[in-house]
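Listed below are the residues making up each chain.
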Amino acid sequence: MRITVIGTGYLGATHAACMAELGFEVLGLDIDPARVASLSEGLLPFHEPGLPELLRKHVKSGRLRFTTSYQEVGAWGDVHFIGVGTPQRAGEGAADMSFVDAATISLARNITKDALIVGKSTVPVGTTRRLKTLVRDNKRPGVAVNLAWNPEFLREGFAVVDTLTPDRLVIGVESPEDEVVLREVYATALESGVPLISTDFETAELVKVAANAFLATKISFINAFSEVTEVIGGDIRTLADAIGLDARIGRRFLNAGIGFGGGCLPKDIRALQARAAELGVDRSMRFLDEMDGINLRRRERAVDLAREMLGSLSQSRIAILGVAFKPNSDDVRDSPALDIANRLFDEGAEVWIYDPAGNANASRRSPQHTYVASTEEAVKNADLILILTEWDEFKALTPEGLSAQTGSRKIIDGRNILEAQVWEDSGWSLGSLGRRYVANQAGGRPSSERLQLSSGPSL
């Protein structure tokens, strides 16, 4: 079985390399000749741990190739995966389906033998049935081209693991024969016990956006409570630990801070709202609008806290540690950290940024800031330091070590990764989202007030 992957961005390049690792011959297609040339040399245009090694390994082995030719792909492949982007449509919440549509039409026109097209992109529900019409109207006479949908569940920073050893596989198919084909593609994972859910097109399309909406809801929930604890006192991390011990809730994704970002969650929940409105069930998804609002307010709060700690942002020098939307990634799409940096700059602050992987992408989007190659360079003359991405090297910072690099003793922990009491006892003024801020005075007076709970009946 020969596999092709249409679109060699984050999803497509990962899927292509991992399919080669599973033993298949793989041909990746992209309409960007420069990207094809780069990948053909084993060079990855983005940061993803473990993927560069896999790419180089299988380009060298000959098991993985790249092309710009739909004609070559259509004549060569048996199973064609579509992994092109579905960005948010400019000025709207809906997904831009033009790339998926173009890829499907081009494939259908060039496939010369019976084949299966498998969508992996995150799409509005109803897409697969609409694409069936495009395939029917554009395929060659006498050639059978079927469709299936197989949503991806990749986490940036863990994409290779998530592809090779997923926690579940979901496929939307219309025939047992198509299910058999996909069972063969994923035989290694299925043999290891990975559960497979075979369902209809619509359910398969909804699974990814439903999962993202749920995760975004969980993050927004704890951030909503962080707004309360900042006002009345208390510690949001302790609150999250306590409710997270409930097996029905769980601790994962209950991390308060500056909120979620990236290329998936924000656009997917907005696209889901837009699609629900088209289907006449917008009331069912109205809660997503409030979630989006909670998420964006956390960014505003970080700027408010910076202003509170400095008195004025104008002519201040601010160091930002971390600008990617999450660690182990260079992705700055809808990054809360970069948004905060821009807001600080707009209020007159001079912003110095260090991110272990995200500087280059951030500098292309926001060139007005100063980007440096280390924490030490960023914080050297800073009036205030903000930690906005939870990279391991920032988690490992100590009050004594950072004091040796900067004259400032003011820091905002935007991801709640520092042990606040340790920093406060060392004389630092520490602000965080989810704890009441009180300026630290000499002698290490705590900068937060916790609610003291007496013992009493459990609720």
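The shown structure was predicted, so the numbers you read here are calculated from the model rather than taken from an experiment.

The next point concerns the overall build of the chain. The number of helices and strands found in the chain is 19 helices and 14 strands. Radius of gyration (C-alpha) of the chain: 24 Å, near the 23 Å computed for a compact globule of 459 residues. When its C-alpha atoms are laid out on the principal axes, the chain stretches across 80 × 55 × 45 Å. Taken over 459 residues, the chain has a buried fraction of 53%. Pairs at least 24 apart in sequence give 72% of the contacts found in the chain among residues at least 6 apart. Just so you have it, the chain exposes about 20,000 Å², and 53% of that area is on carbon and sulfur atoms. Counting 51 positive and 61 negative side-chain charges, the chain places the averaged centre of each group 1 Å from the other.

Attention now moves to the packing of helix H10 (residues 201-232) against helix H12 (residues 265-278). At their nearest, the axes of H10 and H12 sit 9 Å apart, and the two run at 110 degrees to each other. It follows that H10 is roughly perpendicular to H12 by the angle criterion. Seen along the crossing, H10 lies across H12 with a hand that is left-handed. In this structure, H10 uses Val209, Asn212, Ala213, Ala216 and Ile219 to contact H12, whose residues at the interface are Leu265, Asp268, Ile269 and Leu272.

Another aspect to go through is the sheet that holds strand S11 (residues 370-371). Strand order across the open sheet formed by six strands is S11-S10-S9-S12-S13-S14, with parallel pairing between neighbours. Each edge of the sheet is formed by a strand with only one pairing partner; in this case those strands are S11 and strand S14 (429-432). The pairing of strand S10 (residues 350-354) with S11 spans two bridges and is parallel. Bridging from a neighbouring strand, Trp352 pairs with Thr370 of S11. Contacting strand S9 (317-321), strand S12 (384-387), strand S13 (410-413) and S14, helix H13 (residues 287-310) runs over the sheet at an angle of about 165 degrees to S13. In the packing of helix H14 (residues 336-346) onto the sheet, contacts are made with S9, S10, S11 and S12, and the angle to S10 comes to roughly 160 degrees.

Attention now moves to the pairing of S10. The buried count for S10 comes to four of five residues, which makes it a mostly enclosed element. Of the strand pairs in this sheet, S9 and S10 are connected by five bridges, and their pairing is parallel. Residue pairing across strands places Ile320 opposite Ile353, the latter belonging to S10. Handedness of the crossover joining S10 and S11 through helix H15 (residues 359-365) is recorded here as right-handed.

The next point concerns the nonpolar core. Within the largest apolar cluster, 37 residues are counted, with the highest numbers of intra-cluster contacts made by Ile3, Val26, Leu64, Phe81 and Leu182. Residue contributions to this core peak at eight residues, all from helix H1 (residues 10-21). For Val26, the contacting residues outside a window of four places in its chain are Ile3, Val5, Ala16, Met19, Ala20, Arg63, Leu64, Arg65 and Trp76. Of all hydrophobic cores here, the second largest spans 29 residues; its members include Ile6, Leu27, Leu134 and Leu147.

What follows is about the environment of Ala75. One can find Ala75 in helix H4 (residues 70-76). Remark: the alpha-carbon pair of Ala75 and Thr112, spanning 37 residues in sequence, is separated by 5.3 Å. Once you skip the residues sitting within four places of it in the chain, Ala75 turns out to touch Asn110, Thr112 and Lys113.

Quick look at the pairing of strand S7 (residues 169-172) now. Strand residues, when the strand is regular, have side chains that alternate between the two faces of the sheet. Neither face of S7 is exposed, since Leu169 and Ile171 on one face and Val170 and Gly172 on the opposite face are all buried. The pairing of S7 with strand S8 (residues 196-199) spans four bridges and is classified as parallel. Paired with Val170 across the strands is Ile197, a residue of S8.

Taken together, the side chains of Phe221, Phe225, Val228, Val231 and Ile232 define a hydrophobic patch exposed on the protein surface, amounting to about 450 Å² of accessible area. Inspection of the secondary structure puts Ile232 in helix H10.

On to helix H8 (residues 176-185), then. Of the residues making up H8, those classed as buried are Asp178, Glu179, Leu182 and Val185. On an axial view of H8, the arc spanned by its buried residues comes to 115 degrees, and they lie on one face. Seen from the open side of H8, the exposed residues pointing more than 90 degrees away from its buried face are Pro176, Glu177 and Val180.

Inspection of every chain in the model, using the stated rule, returns four aromatic pairs. With a centroid separation of 5.3 Å and 50 degrees between ring planes, the pair formed by Tyr10 and Phe46 is classed as tilted. Highlighted residues: Tyr10 in helix H1 and Phe46 in the loop between helix H2 (33-40) and helix H3 (51-61), separated in sequence by 36 residues. For the pair formed by Tyr10 and Phe46, the shared burial category is buried. On the numbers, 5.0 Å between centres and 45 degrees between planes, the contact of Phe221 with Phe225 is tilted. Pair noted here: Phe221 and Phe225 are both in helix H10, with a separation of four residues, about one helical turn. Look at Phe221 and you get partly exposed, because its relative accessible area is 41%. Overall, Phe225 belongs to the partly exposed group, its relative accessible area being 38%. Taking NZ or CZ as reference, Arg65 lies 5.6 Å from the ring centre of Trp76, over its face. Positioned above the aromatic ring of Phe153, the side-chain terminus of Arg168 is 3.7 Å from the ring centre.

Here the focus is the packing of helix H5 (residues 98-110) against helix H6 (residues 127-138). Running from N to C, H5 and H6 point in directions that differ by 35 degrees, and their axes come no closer than 8 Å. Taken as a pair, H5 and H6 cross one another with a handedness that is right-handed. Contacts from Val100, Asp101, Thr104, Ile105, Ala108 and Arg109 of H5 reach H6 at Arg130, Leu131, Leu134, Val135 and Asn138. Counted by class, the contact of H5 with H6 contains six nonpolar, two polar and three charged residues.

Rules and cut-offs
- Residues numbered from 1 in each chain as written.
- Predicted model: local features only at pLDDT ≥ 70, side-chain atom pairs only at ≥ 80, totals over all residues.
- Heavy atoms only, no water.
- Helix = DSSP H or I, 4+ residues; strand = E, 2+ residues; numbered from the N terminus.
- Rg over C-alpha atoms; globule rule 2.2 N^0.38 Å.
- Buried < 20%, exposed > 50% of the residue type's maximum accessible area, 1.4 Å probe, protein only.
- Contact = heavy atoms within 4.5 Å.
- Areas by Shrake-Rupley, 256 points an atom, 1.4 Å probe, with all protein chains shown as cover.
- Lys, Arg positive; Asp, Glu negative; His and termini not counted.
- Charge placed at Lys NZ, Arg CZ, Asp CG, Glu CD.
- Axes fitted to C-alpha atoms, helices over the stretch in contact; angles between N-to-C directions.
- Parallel < 35°, antiparallel > 145°, perpendicular 65-115°, else oblique.
- Left-handed = near helix turned anticlockwise from the far one by under 90°.
- Pairing = 2+ DSSP bridges.
- Right-handed = clockwise from strand over helix to strand, strands pointing away.
- Core = buried A, V, L, I, M, F, W, Y, C linked by side-chain atoms within 4.5 Å.
- Patch = residues over 30% accessible without salt bridge, like charges linked within 9 Å, V, L, I, M, F, W, Y side chains within 5 Å.
- Salt bridge = Lys/Arg side-chain N within 4 Å of Asp/Glu carboxyl O.
- Arc of directions from axis to C-beta.
- Phe/Tyr/Trp six-rings, centres within 6.5 Å; stacked < 30°, edge-to-face > 60°.
- Lys NZ or Arg CZ within 6 Å of the ring centre and 35° of its normal.
- Nonpolar A, V, L, I, M, F, W, Y, C, P; charged D, E, K, R; others polar.

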